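Structural overview for review
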Amino acid sequence: EIQTSCAEFCSVCEKKVYPLEKVETGGKLFHKQCFRCLQCNCILRMETYTLNNGKLYCIPHFKQLFIAKGNYEEGCWSRSTQTQVEQQEQQ
């Protein structure tokens, strides 16, 4: 009998994720090709994403959807997301 308890599955497509194609953040696993912005569908990198309520966004769309609407100070995102956004702005 094959054991599948050690298998790791992508949070988006639910298929098995192999080590060379794995992206892990927020306790979730993704294929590199599944690690995309929910709004524009661009492939994200570790330095260009935010995770808000379990959903992935690129920094420009995160700013457009949440910060511009006034949710910036309401705690809709974590301190680590705020730090990522601030670091991106400094570059």
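If you're wondering where the values come from, they're calculated on a predicted model, not measured in any experiment.

Judged by nonpolar contacts, the single largest core of 13 residues is most densely connected at F35, L44, Y49, L56 and Y57. At the level of elements, β3 (49-52), β4 (55-58) and α1 (59-67) are the ones that each hand at least two residues to this core. Not counting residues up to four positions away in its chain, the partners in contact with Y57 are C37, L38, L44, T48, Y49, T50, N52, F62, L65 and F66.

Moving on, we come to the confidence of the model for the chain. In the predicted model, the chain carries a mean pLDDT of 78, and 66% of its residues have values of at least 70. Averaged pLDDT values for the elements of the chain fall to 54 in helix α2 (residues 79-90) and rise to 93 in strand β2 (residues 28-31). Low pLDDT, under 50, characterises residues 72-79; the stretch is placed with 15 contacts to residues that sit more than four places away or in other chains.

Another point: unusual backbone geometry. Phi angles above zero are rare outside glycine, and N41 is one such case at about 70 degrees. Locating N41 in the fold gives a position in the loop between β2 and β3. Taking relative accessible area as the criterion, N41 reaches 45% and is therefore assigned partly exposed. Phi angles above zero are rare outside glycine, and N53 is one such case at about 55 degrees. Along the chain, N53 turns up in the loop between β3 and β4.

This structure, assessed with the given rule, holds 2 aromatic pairs. Among the aromatic residues, ring-to-ring pairing joins F30, F35 and Y49 into one connected group.

Here the focus is the pattern of salt bridges. By the definition in use, this model includes 2 salt bridges. Among the salt bridges present, the one from E8 reaches K22, with a minimum N-O distance of 3.5 Å. With a gap of 14 residues between them, E8 in the segment before β1 (22-25) and K22 in strand β1 connect regions that are remote in the sequence. You can call E8 partly exposed: its relative accessible area is 32%. The salt bridge involving R45 is made with E47; its shortest N-O contact spans 2.6 Å. For E47, a relative accessible area of 49% puts it in the partly exposed group.

Cut-offs applied
Residues numbered from 1 in each chain as written. Predicted model: local features only at pLDDT ≥ 70, side-chain atom pairs only at ≥ 80, totals over all residues. Heavy atoms only, no water. Core = buried A, V, L, I, M, F, W, Y, C linked by side-chain atoms within 4.5 Å. Buried < 20%, exposed > 50% of the residue type's maximum accessible area, 1.4 Å probe, protein only. Helix = DSSP H or I, 4+ residues; strand = E, 2+ residues; numbered from the N terminus. Contact = heavy atoms within 4.5 Å. pLDDT = per-residue confidence, 0-100. Phe/Tyr/Trp six-rings, centres within 6.5 Å; stacked < 30°, edge-to-face > 60°. Salt bridge = Lys/Arg side-chain N within 4 Å of Asp/Glu carboxyl O.

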